[in-house]
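So you can see what is in the structure, the chains are spelled out below.
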Amino acid sequence: MSNNMIYIEYRFTVQPPEPASDILIAQLGEAGFESFVEEEDAILAYIQKEDWSMDILNDIDILSNPNFEIDYAFKEIEQENWNATWEQNFQPIVVDDRCMIRAPFHETMSGVEYDIVIEPKMSFGTGHHETTHMMLQHILQLNLEGKVVLDMGSGTGVLAILAALRGAAHVDAVDIDNWCYVNAKENVARNQIDNVQVYEGDVSLVSGKSYDLIIANINRNILLADIPAYSKALNKDGILLLSGFYTEDLDMITEKCKINSLKFVKNIERNNWVAAKYVN
Ligand SMILES: C[S@@+](CC[C@H](N)C(=O)[O-])C[C@H]1O[C@@H](n2cnc3c(N)ncnc32)[C@H](O)[C@@H]1O
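Rules used throughout
Residues numbered from 1 in each chain as written. Predicted model: local features only at pLDDT ≥ 70, side-chain atom pairs only at ≥ 80, totals over all residues. Heavy atoms only, no water. UniProt positions renumbered as here; feature names shortened; annotations may be inferred. Helix = DSSP H or I, 4+ residues; strand = E, 2+ residues; numbered from the N terminus. Buried < 20%, exposed > 50% of the residue type's maximum accessible area, 1.4 Å probe, protein only. Contact = heavy atoms within 4.5 Å. Polar contact = N/O pair within 3.5 Å; in protein donor to acceptor, adjacent residues only side chain to side chain. Pairing = 2+ DSSP bridges.

- In the nomenclature of an unreviewed UniProt entry, the chain corresponds to Ribosomal protein L11 methyltransferase from the organism Maribacter confluentis.
- The UniProt entry for the chain carries the following comment under Sequence similarities (unreviewed entry): "Belongs to the methyltransferase superfamily. PrmA family."
- Per UniProt, the comment on the chain under Catalytic activity (unreviewed entry) is "L-lysyl-[protein] + 3 S-adenosyl-L-methionine = N(6),N(6),N(6)-trimethyl-L-lysyl-[protein] + 3 S-adenosyl-L-homocysteine + 3 H(+)".

Set out below in structure tokens:
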């Protein structure tokens, strides 16, 4: 991948920020925006120029919702500038006082059990997003000693890396996006993990394989389509963790799981996002 790829950067100001910011980010994601930086008073959204057109915002419904005032401006930038913006904005996070996610240029913190170094560049998964945070919380609660794990929609690979650090015997990490595939491989190596295998692709790669734990933080529609395949690939008493959807979609996801023999165990919620646990 060339280092000076051209991106379009949008700067949105959103009033009131909640819940419009989350909805805006979700809709921009559906429209093809690759990554987001949440600043104190603005949301920056990035899309490759070759994927962009002047009418890209036509389908973003929230922009015409009279309950919110959303203004924006956009400009062309080079990828290296995007990375600089990201570095300025990326603060380390600590999940449940146990798992730190930081960039290579941050100091580690004493006392944390897991210290994960991530350089996300354009990939999703720094732990800042609610869904990543909650999936990390679920993983911290599981006994993964000797288990075989699938991380579907692995982004930076952060969830796969924590699963490996928690004792999983082997982790397959799969992402449909080439950039994520490359980035997850880099992050796995950066954390000196040797039992995470990263693949570029989708759920079709899972056919014929079996897992004790499947993690999928993607989005409602992809999860609904892929749940039958997850169910087939899960061992008896295997666990499925799903995120990337809103509270109001939990029933729909749970129903799809139910007709695929997966029982609801519990869910966590954060800012209207959900991470749910099912068992085979
Ligand atoms: C919300 S991000 C989650 C990243 C990371 N697992 C985390 O929890 O932070 C979803 C990821 O799923 C990938 N993705 C989207 N559709 C997919 C599909 N059909 N199969 C596999 N990965 C997919 C995207 O490229 C993106 O990296």
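## Remarks on the UniProt feature "binding site: S-adenosyl-L-methionine" (unreviewed entry) in the chain
Move 1: Mapped onto this numbering, the UniProt entry annotates "binding site: S-adenosyl-L-methionine" (unreviewed entry) at Thr 132, Gly 153, Asp 175 and Asn 217.
Move 2: Following the sequence through the fold, Gly 153 ends up in the loop between β8 (148–152) and α4 (158–165).
Move 3: Relative accessible area serves as the criterion here: at 24%, Gly 153 is assigned to the partly exposed category.
Move 4: If near-sequence neighbours (up to four positions away) are discounted, Gly 153 is found in contact with Val 174, Asp 175, Asn 217 and Ile 218.
Move 5: Take Asp 175: it is sitting in strand β9 (residues 170–175).
Move 6: Non-local contacts of Asp 175, meaning those with residues more than four positions away in its chain, are made with Gly 153, Ser 154, Gly 155, Cys 180, Tyr 199, Glu 200 and Gly 201.
Move 7: A polar atom in the side chain of Asp 175 sits 3.2 Å from the backbone nitrogen of Ser 154.

## Examining the pairing of strand β6 (residues 99–102)
Move 1: Side chains Cys 99 and Ile 101 project from β6 onto one buried face, and the interleaved Met 100 and Arg 102 project onto a second face that is buried too.
Move 2: Note that strand β5 (residues 93–95) and β6 share three bridges and pair antiparallel. Following the sheet pairing, Ile 93 is matched in β6 by Ile 101.
Move 3: The antiparallel hairpin formed by β5 and β6 contains three residues in its connecting segment, where Asp 96 sits at a positive phi of about 50 degrees.
Move 4: With four bridges joining them, β6 and strand β7 (residues 114–117) adopt parallel strand pairing.

## Quick look at unusual backbone geometry
Move 1: Residue Gln 15 is joined to Pro 16 through a cis peptide bond whose omega torsion reads -15 degrees.
Move 2: Structurally, the position occupied by Pro 16 is in the loop between β1 (6–15) and α1 (20–30).
Move 3: Each neighbour pair has its own omega, and for Glu 18 with Pro 19 the value is 0 degrees, a cis peptide bond.
Move 4: Within the fold, Pro 19 resides in the loop between β1 and α1.
Move 5: For Asp 96, which is not glycine, the phi dihedral falls at a positive 50 degrees.
Move 6: Its location among the elements puts Asp 96 in the loop between β5 and β6.
Move 7: The partly exposed category is assigned to Asp 96, whose relative accessible area is 36%.

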